[in-house]
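Fold and geometry: a report
Below, each chain spelled out in residue letters.
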Amino acid sequence: MSYVCPACGGPIASWLLNKKHVECPDCQSLLISNKQKVLRQCYIVALAVWLIVLFGMQHYSGSWGYAVLVSVEVGGILAAMMTMLYYRLAIRLNVITLKSDKVKSSKSK
C-alpha cells in the first residue's frame, strides 16, 4: 500500500508514515500526515461497528448470550475490515511550507 506525494505525484511507502515528518524520495518535499488523528478515529469506528452488530444480533435473536457470541466473531471481523478501509481512505499527506521560504520568495519578486 502506497500513498502519493501531493507536490510531485510520486509514490510514498506506507511504512514512512510512522515518522513524524516524511520526506518525499522523489522531490525531497517535507510532508506531514494526519496518521495519529486517523488512528484515534479508527478506534471509534471499530467500536461503533461492533456495537451495531451486537445490538442488531440481540434484536434479531432476542438472546444476549447469542448476540455477544456472534458479535465477538462476526462483529470483530467486520469492525477490523471497516477500520482498515476508513484508515486507508482518511490518511492525507500535506506539504510543510517553511515561513522562511515564503519570506525569501516574496523578497525576490
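Refer to the structure above for everything that follows.
Below, the structure is looked at part by part. (Residues numbered from 1 in each chain as written. Predicted model: local features only at pLDDT ≥ 70, side-chain atom pairs only at ≥ 80, totals over all residues. Heavy atoms only, no water.)

1. Remarks on the overall build of the chain
A tally of regular secondary structure across the chain gives three helices and five strands. Across the chain, helices and strands are ordered from the amino to the carboxyl terminus as β-β-β-β-α-α-β-α. Relative to its full complement of 109 residues, the chain shows a buried share of 27%. Long-range contacts, defined here as pairs at least 24 residues apart, represent 50% of the contacts in the chain between residues at least 6 apart. Surface accessibility of the chain: about 7700 Å² in total, with carbon and sulfur atoms responsible for 65%. (Helix = DSSP H or I, 4+ residues; strand = E, 2+ residues; numbered from the N terminus. Buried < 20%, exposed > 50% of the residue type's maximum accessible area, 1.4 Å probe, protein only. Contact = heavy atoms within 4.5 Å. Areas by Shrake-Rupley, 256 points an atom, 1.4 Å probe, with all protein chains shown as cover.)

2. Some points on the pairing of strand E4 (residues 30-33)
Taking every second residue as pointing to the same face, the buried face of E4 carries Leu31 and Ser33, while none of Leu30 and Ile32 on the other face is buried. In this structure, strand E3 (residues 22-23) lies alongside E4, joined through two bridges in antiparallel fashion. In the sheet register, valine 22 faces E4, and the bridge partner there is leucine 31. Linking two consecutive strands that pair antiparallel, namely E3 and E4, is a turn of six residues; a positive phi of about 60° is found at glutamine 28 within it. (Pairing = 2+ DSSP bridges.)

3. Examining helix H1 (residues 35-61)
Taking 1.5 Å of rise per residue, the 27 residues of H1 would be expected to cover 39 Å, and the 39 Å separating its terminal C-alpha atoms lies within 8% of that figure. Within H1 the residues assigned to the buried category are Lys35, Val38, Cys42, Val49, Val53, Leu54, Met57 and Gln58. In this structure, the buried side of H1 is in contact with E4 and helix H2 (64-90). Glycine 62 occupies a position one or two residues after H1 and carries a positive phi of about 85°. (Expected span 1.5 Å × (residues − 1).)

4. Some remarks on the environment of proline 25
Inspection of the secondary structure puts proline 25 in the loop between E3 and E4. Take proline 25: its relative accessible area is 48%, and that puts it in the partly exposed class. Between the C-alpha atoms of proline 25 and cysteine 5, which are 20 residues apart in sequence, the distance is 9.3 Å. Dropping the residues within four chain positions of it, proline 25 is found in contact with Pro11 and Ile12.

5. Concerning the side chain of lysine 35
Secondary-structure assignment places lysine 35 in helix H1. Glutamate 23 provides the closest opposite charge to the buried, unpaired lysine 35, separated from it by 18 Å. Setting aside residues no more than four positions away along its own chain, lysine 35 makes contact with Leu17, Asn18, Tyr87 and Ile91. (Lys, Arg positive; Asp, Glu negative; His and termini not counted. Salt bridge = Lys/Arg side-chain N within 4 Å of Asp/Glu carboxyl O.)

6. Points about the environment of leucine 17
Along the chain, leucine 17 turns up in the loop between strand E2 (11-13) and E3. For the pair formed by leucine 17 and leucine 93, sequence separation is 76 residues and the distance between their alpha carbons is 9.0 Å. The residues contacting leucine 17, other than those within four sequence positions of it, are Tyr3, Val22, Ser33, Lys35, Ile91 and Leu93.

7. What to know about the nonpolar core
Tyr3, Ile12 and Leu31 are the most contacted members of the largest nonpolar core, which totals 14 residues. Put simply, the parts of the chain that give this core at least two residues each are H1 and H2. Of all hydrophobic cores here, the second largest spans five residues; its members include Val53, Leu54, Met57 and Val70. (Core = buried A, V, L, I, M, F, W, Y, C linked by side-chain atoms within 4.5 Å.)

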